[in-house]
Amino acid sequence: MAPGARPRPRLLLAVWTLAALARRGSGEAGDGGWQRRGPGAPAALAEEQRCAVERRADLSYSEFVQHYAFSRPVILQGLTDNSRFRALCSRERLLASFGDSVVRLSTANTYSYRKGELPHPAAQLASILQAASAGPHQPLPAVDLPFQEYVEHLLHPQDPTSLGNNTLYFFGDNNFSEWASLFQHYSPPPFSLLGTTTAYSFGIAGAGSGVPFHWHGPGFSEVIYGRKRWFLYPPEKTPEFHPNKTTLTWLQDTYPTLAPSVRPLECTVQAGEVLYFPDRWWHATLNLDTSVFISTFLG
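Residues numbered from 1 in each chain as written. Predicted model: local features only at pLDDT ≥ 70, side-chain atom pairs only at ≥ 80, totals over all residues. Heavy atoms only, no water.

**Q** Can you help me understand the overall build of the protein chain in this one?
**A** Scanning the protein chain for helices and strands turns up nine helices and 13 strands. With 299 residues in all, the protein chain has 50% of them scored as buried. Long-range contacts, defined here as pairs at least 24 residues apart, represent 84% of the contacts in the protein chain between residues at least 6 apart. Of the roughly 14,400 Å² of accessible surface on the protein chain, 54% is carried by carbon and sulfur atoms. (Helix = DSSP H or I, 4+ residues; strand = E, 2+ residues; numbered from the N terminus. Buried < 20%, exposed > 50% of the residue type's maximum accessible area, 1.4 Å probe, protein only. Contact = heavy atoms within 4.5 Å. Areas by Shrake-Rupley, 256 points an atom, 1.4 Å probe, with all protein chains shown as cover.)

Okay, here's the thing in structure tokens:
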């Protein structure tokens, strides 16, 4: 290849596809140890019948700005190499490096993330488990607790009967200064918007979890392990949803009643792919597996 020449688009896509297939077929190493196996493992959640979001492996910055940055979502493939970051995000390595780090859990509803502190992590965990056993309508307490406690006791498939404010998961609004040694290995998408700065939000959540419809500024979301199904509407189309019902409930109860003309754009983002969403686009997410993901918000 001549100096300065860009790789051919088909070659980029072929290399990315082969790498993705290798990751999926490599057993325990392929899922980072995050997926449950054997009796009691959750049933697989389905992907959409047809992805309505364009995938691009050959996107230039000028094309990104002209066709996507301000107008529609796009899924980026193969623009960065985060294999090192991915290896560091395996279950074993994260627990070894950050098991004692205190993380803040978010409630999975639209309008607010309930935060707070209780006197001791053990007391918080006991309070959570007690509330969970009391039934789906008993609100969970706000919680900060060690990362290992979250992974070992709270990282489980979504209960279809739980409301959003009864569902806690690890994503956003965390002080990640002590995780800097991990984030220094992450390569964000090579595109930015004039006048914005970037901020990371790292998350790990169980199968069936997600956040109901909401909107904010533009950003990128990369799946490191697992799969994340996205539902998107442009700013002028307000979706039909209840802000305190989970995405899983919405998919089961509301989605089947929608006429094809009013259904959202949707697509499942696979490990190694990055979805870009423009400013003020409504979006809801559903983790089809236990998923590790990182978002780069442009604020």
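**Q** So what exactly am I meant to see when it comes to empty space enclosed by the protein here?
**A** Gaps left between atoms are located by rolling a probe of water-molecule size over the structure's atoms. Enumeration over the complete set of coordinates arrives at one cavity of 30 Å³ or more. For the lining of the largest cavity, a count of residues per class yields four nonpolar, four polar and one charged. (1 Å grid on protein atoms, 1.4 Å probe; cavity = no way out; pocket = protein on both sides within 12 Å on 5 of 7 lines; lining within 4 Å. Points joined across faces, edges and corners; volume = space filled by probe spheres on them. Nonpolar A, V, L, I, M, F, W, Y, C, P; charged D, E, K, R; others polar.)

**Q** I tried to follow the nonpolar core on my own but got confused; where do I start?
**A** Buried together is how nonpolar side chains tend to be arranged in soluble globular proteins. One finds Leu94, Phe147, Phe170, Trp179, Leu182 and Phe202 to be the most contacted residues of the largest nonpolar core, which totals 35 residues. Mapped by element, the contributors of at least two residues to this core are α4 (83–88), α5 (91–98), α7 (147–154), β6 (168–171), α8 (180–183), β7 (198–205), β8 (219–225) and β13 (291–298). Contacts of Leu94, omitting those with residues within four sequence positions, involve Trp34, Leu88, Cys89, Gly99, Phe147, Trp179, Leu182, Phe202 and Ile204. Listed in part, the 13 residues of the second largest apolar core include Phe213, Leu251, Tyr255 and Ala284. (Core = buried A, V, L, I, M, F, W, Y, C linked by side-chain atoms within 4.5 Å.)

**Q** I keep staring at the sheet that holds strand β9 (residues 227–233) and nothing clicks. Help me out?
**A** Note on sheets: strands pair through backbone hydrogen bonds, and any given pair is parallel or antiparallel. Taken together, the three strands give an open sheet; going across it, the order is β10-β9-β12, and neighbouring strands pair in antiparallel fashion. Of all the strands in the sheet, just β10 (265–270) and β12 (282–287) have a single pairing partner and so form its edges. Adjacent strand axes in the sheet meet at a mean angle of 20°, parallel and antiparallel pairs treated alike. Both β9 and β10 contribute to a ladder of six bridges, which runs antiparallel. Within the sheet, the bridge partner assigned to Leu232 lies in β10 and is Leu265. (Pairing = 2+ DSSP bridges. Axes fitted to C-alpha atoms, helices over the stretch in contact; angles between N-to-C directions.)

**Q** What is the right way to look at the pattern of salt bridges in this model?
**A** A side chain with one charge can pair with a side chain of the opposite charge if their charged atoms come near. Following the criterion strictly, the structure yields 10 salt bridges and no others. Across the pair Arg227 and Asp289 runs a salt bridge, and its minimum N-O distance is 2.7 Å. Of this pair, Arg227 sits in strand β9 while Asp289 sits in the loop between β12 and β13, and the two are 62 residues apart along the sequence. In this pair, the class of Arg227 matches that of Asp289, namely buried. Arg280 is paired through a salt bridge with Asp279; the nearest N and O atoms lie 4.0 Å apart. The class of Arg280 is partly exposed, set by a relative accessible area of 44%. Here Asp279 falls in the partly exposed class, since its relative accessible area comes to 40%. Because the salt bridges share partners, they merge into one network encompassing Glu47, Arg227 and Asp289. (Salt bridge = Lys/Arg side-chain N within 4 Å of Asp/Glu carboxyl O.)

**Q** Would you mind going over the packing of α5 against α7 with me for this structure?
**A** Helix packing geometry: the angle between the two helix axes and the distance between the axes. Closest axis-to-axis distance for the α5/α7 pair is 9 Å, and the angle between their directions is 140°. The residues of α7 that touch α5, namely those facing Arg91, Leu94, Leu95 and Phe98, are Phe147, Gln148, Val151 and Glu152. In the contact of α5 with α7, the residues fall into five nonpolar, one polar and two charged.

**Q** Where do I start with the pairing of strand β11 (residues 273–277) in this structure?
**A** Regular strands show a simple pattern: their side chains alternate between the two faces of the sheet. Burial within β11 is extensive, with five of its five residues counted as buried. The two faces of β11 match: Glu273, Leu275 and Phe277 on one face and Val274 and Tyr276 on the other face are all buried. Pairing analysis gives four bridges linking strand β2 (residues 74–77) to β11, with the strands arranged antiparallel. Pairing of Ile75 across the sheet is with Leu275, part of β11.

**Q** I'm lost on unusual backbone geometry in this one. Help?
**A** Leaving glycine out, the prevailing phi sign among residues is negative, and the prevailing peptide bond configuration is trans. With a phi close to 65°, Arg280 is a non-glycine residue in the positive phi region. Its location among the elements puts Arg280 in the loop between β11 and β12.

**Q** I would appreciate a short explanation of the confidence of the model for the protein chain in the present structure.
**A** Low pLDDT marks regions whose predicted coordinates should not be analysed in detail. Predicted confidence across the protein chain gives a mean pLDDT of 83, with 76% of residues reaching 70 or more. Low pLDDT, under 50, characterises residues 1–7; the predicted model gives this stretch six contacts beyond four residues in sequence or across chains. Per-residue pLDDT stays below 50 along residues 21–28; that stretch engages in nine contacts with residues further than four places along the chain or on separate chains. (pLDDT = per-residue confidence, 0-100.)

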